[in-house]
Structure formats: C-alpha cells, structure tokens
Amino acid sequence: MISKVEMVAANRPGQTDAFETMKHVTDHLDLLEAEAIHIMRETAAQFERPALLFSGGKDSICLVHLARKAFFPAPIPFPLLHVDTGHNFPETLEFRDQLVQKVGARLIVRLVQDSIDQGRVVEETGRNASRNSLQSVTLLDAINELELDACIGGARRDEEKARAKERIFSVRDDFGQWDPRLQRPEIWNLYNGMIHKGENVRVFPLSNWTELDVWRYIQREKIAVPDLYFTHEREVLNRQNALFPVSPFIWMDSNESGERKQVRFRTVGDMTCTAAVESGARSVDDIIEEILVSKITERGARMDDRRSETAMEDRKRSGYF
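Residues numbered from 1 in each chain as written. Predicted model: local features only at pLDDT ≥ 70, side-chain atom pairs only at ≥ 80, totals over all residues. Heavy atoms only, no water.

J.: How do you make sense of the overall build of the protein chain when you look at a structure like this?
T.: Summing up its helical and strand segments, the protein chain has 9 helices and 10 strands in all. Expressed as a percentage of contacts within the protein chain between residues at least 6 apart in sequence, the contacts between residues at least 24 apart total 72%. Put simply, the protein chain shows about 16200 Å² of open surface, and 52% of that area lies on carbon and sulfur atoms. (Helix = DSSP H or I, 4+ residues; strand = E, 2+ residues; numbered from the N terminus. Contact = heavy atoms within 4.5 Å. Areas by Shrake-Rupley, 256 points an atom, 1.4 Å probe, with all protein chains shown as cover.)

This is the structure:
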C-alpha cells in the first residue's frame, strides 16, 4: 500500500528529491528509536535497580520520551536521578519539575552542595572555578545509597573522543571507576548486563545518535525542550572567546563587564562552564539548519572539556557520567 506522502511525491515530480531525503531521515530515526527502546527494555529486564540520569538537557529529555514509549501504557519503571550542582540554569530546573509532573515519573535529586557540606569534596575557588567535576562524588554516593546497578545516560559517541570509547552497556568497577581497556564486546544487539556485587553499568541508548539526530527526533516527535536552546537576549561575559552567562556563580574581574547579546545554548549544564553561542535560531527548524553548517562541535562551548586533552576521560575514570 502506498502512503499518502508517497502519493503526494508521485504527483509532484519536482519534489522527488526532497521526498527521498525526508524518507531517508524518517527511516534512520525509526531505526535509532527502535534500538534505543530495545536498550531501555533490556535494561529493565537485566537489572534490579536502574535509574535514568536526568539533567534537564535535550538528550535526557529524549531519554524520558523514549522510556515512555518503551513501557507504554505502564509508567516508566525506574526513577529519574538528577545530580544538581547548585549552579544549574533556573530555566532547566523549572522545566525539569514541569516534565516530571507531566509524565508522572519519580524524581530523585542529590545535591553537590551536600557533598561539600559533608566534606566529601572541596569546592574550587578562583576565576575558573566550577562544580562540574564535583558531580562524580555526589553521583557515586547516590549510586551506593540507592543501591543502583544501572544508570541510563544520554551520552553520545559523537560528543567527545572519550565517549566514543564507551560501549552501550559500560561497566564501572566497585569504586565507580571506568577502564576503557576492560570494555566488553557487544555483538549485534546483545548486551551483557552481568556484573559482580558492587559494580554498576552505565547504559547509553543514544550512543549511535548524533546531535543532528537528536534535534531531528525532537522535531518529528514535537518534544518540548527548555527555552535556553533557542535564541534569547541575555547578559554574557566574553572570556577566552566564549560567552558565559552572567550570574552570581561567575567570577568577574574588576576590569570585566557583561554585555547583552542574542544567544542560545547548545548544552545546558553547569552555568560556570557552559558557554552560549550567538545565534538567530528561534525554532527547531532553525537549529537544524544551524547545525548543518556549524564547524564547531556541540561540546566546543564546554569549558570543562578544555582543561586538558584528556579532561573528559579523566572525569569518566573517576566516575563521571
């Protein structure tokens, strides 16, 4: 049976190329969605106490959407776990709470500030201070407290070279550490969830997605995301050719001042290390067009990744997402 879209394309020969492109994208997204849903169901089947790591960003929002599809009409069978640095965008936290209420999920929040107060971590000071790396300790403490054996995350292999070394089921030892040399083979769609007591697995259903795939999926599924992703006027500080959002958490030298610009964010992590980009993208369609011509990676605006050549891998080895 020919679809309505195919009938339209057949009657409008000049639209054939556009139709073929659209059909290819749709087929590609269907495959990615099916794989991610399969991974979600495998996680629920193989582990006793999984949780979905939720940051309020577009990738974790897509994970929630996929989890709802995977287990519909039943509710999502695992909680959402948010490690709050205390320096998150207010817009992200507001969106998080609205989404949790809408989908009826259970939200667990653990605070980096509590880890600081308990002496578990020491807060950085100075011009480039950030709490981003401190999240690892808070996360590992939460995993031990909640006895989690699997944590579902939104990392993608195209984001950063260290993440390209991950398997979809990525084992962490009983200290919460990751060793890229001890990753298990994953043949076809067979995932090995067998672990020893004390170990846990990070699960990455979006491993084979790209930033462009995520936005095309958001476009197709009409998924709501925080307004931070779209162009808005904001006071920013230009430092090291990066536009930081001016906030009480940003150290400003006496000779520095903010300026108002039309910007958007490609990631929405900790405000101290997440830079904005100048943009006129006011819709998902605009964002997709912008990504298609961009020569800068999504994490190119993350200052925590610029600290060293191995910054991400060092954090992952210590238990980072």
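J.: Is there a simple way to think about the packing of helix α3 (residues 58-71) against helix α4 (residues 90-103) in this case?
T.: Pairs of packed helices are described in terms of their axes, by the angle between the two and the distance that separates them. Between α3 and α4, the shortest axis-to-axis distance is 12 Å and the interhelical angle comes to 0 degrees. As the angle between them shows, α3 and α4 are arranged roughly parallel. Residue-level contacts link I61, V64 and R68 of α3 to F95, L99 and V103 of α4. When its residues are assigned to classes, the contact of α3 with α4 shows 5 nonpolar, no polar and 1 charged. (Axes fitted to C-alpha atoms, helices over the stretch in contact; angles between N-to-C directions. Parallel < 35°, antiparallel > 145°, perpendicular 65-115°, else oblique. Nonpolar A, V, L, I, M, F, W, Y, C, P; charged D, E, K, R; others polar.)

J.: Got a minute to help me understand the side chain of T231 in this structure?
T.: Structurally, the position occupied by T231 is in the loop between α7 (211-221) and β7 (232-239). Here the side chain of T231 touches S279 through a polar contact of 2.9 Å, landing on its backbone oxygen. Polar contacts involving the side chain of T231 include one to the main-chain amide nitrogen of G280, which spans 3.4 Å. When near neighbours in sequence (up to four residues on either side) are disregarded, T231 contacts Q262, V263, R264, S279, G280, A281 and R282. (Polar contact = N/O pair within 3.5 Å; in protein donor to acceptor, adjacent residues only side chain to side chain.)

J.: Sorry, what's going on with empty space enclosed by the protein here?
T.: Taking a probe equal in size to a water molecule and rolling it over the atoms shows the remaining empty space. In this structure the tally under the stated criterion is 2 cavities of 30 Å³ or more. Each residue belonging to the lining of the second largest cavity can be placed in one class, and the counts come to 2 nonpolar, 1 polar and 4 charged. (1 Å grid on protein atoms, 1.4 Å probe; cavity = no way out; pocket = protein on both sides within 12 Å on 5 of 7 lines; lining within 4 Å. Points joined across faces, edges and corners; volume = space filled by probe spheres on them.)

J.: What should I look at first to understand the sheet that holds strand β6 (residues 200-203) in this one?
T.: Within a sheet, neighbouring strands are paired by backbone hydrogen bonds and run either parallel or antiparallel to one another. Strand order across the open sheet formed by 6 strands is β3-β2-β1-β4-β6-β5, with mixed pairing between neighbours. Each having just a single partner strand, β3 (107-111) and β5 (169-172) make up the two edges of the open sheet. Mean inter-strand twist for the sheet, computed between neighbouring axes without regard to direction, equals 30 degrees. Against the sheet, α3 makes contact with β1 (50-53), β2 (80-84) and β4 (150-152), and its axis sits at roughly 140 degrees relative to β1, the strand it touches most. Relative to β2, α4 is tilted by about 165 degrees, and along the sheet it contacts β2 and β3. (Pairing = 2+ DSSP bridges.)

J.: Could you clarify how one ought to interpret the packing of aromatic side chains in this entry?
T.: Two measures describe an aromatic ring pair: the distance that separates the ring centres and the angle between the ring planes. Enumeration according to the criterion identifies 7 aromatic pairs in this entry. On the basis of an interplanar angle of 80 degrees and a centroid distance of 5.4 Å, the ring pair of W215 and Y229 is categorised as edge-to-face. Within this pair, whereas W215 is found in helix α7, its partner Y229 is found in the loop between α7 and β7, the two being separated by 14 residues in sequence. Ring-pair connections join several aromatic residues into one group, and the members of that group are F47, F169 and Y191. (Phe/Tyr/Trp six-rings, centres within 6.5 Å; stacked < 30°, edge-to-face > 60°.)

J.: What is the right way to look at the sheet that holds strand β8 (residues 242-245) in this model?
T.: The strand order across the open sheet formed by 4 strands is β8-β7-β9-β10, and the pairing between neighbours is antiparallel. At either margin of the open sheet sits one strand with a lone partner, and together these are β8 and β10 (277-278). Bridge count between β7 and β8: 4 bridges; the pairing is antiparallel. Among the inter-strand pairings, L237 is bridged to a residue of β8, identified as F244.

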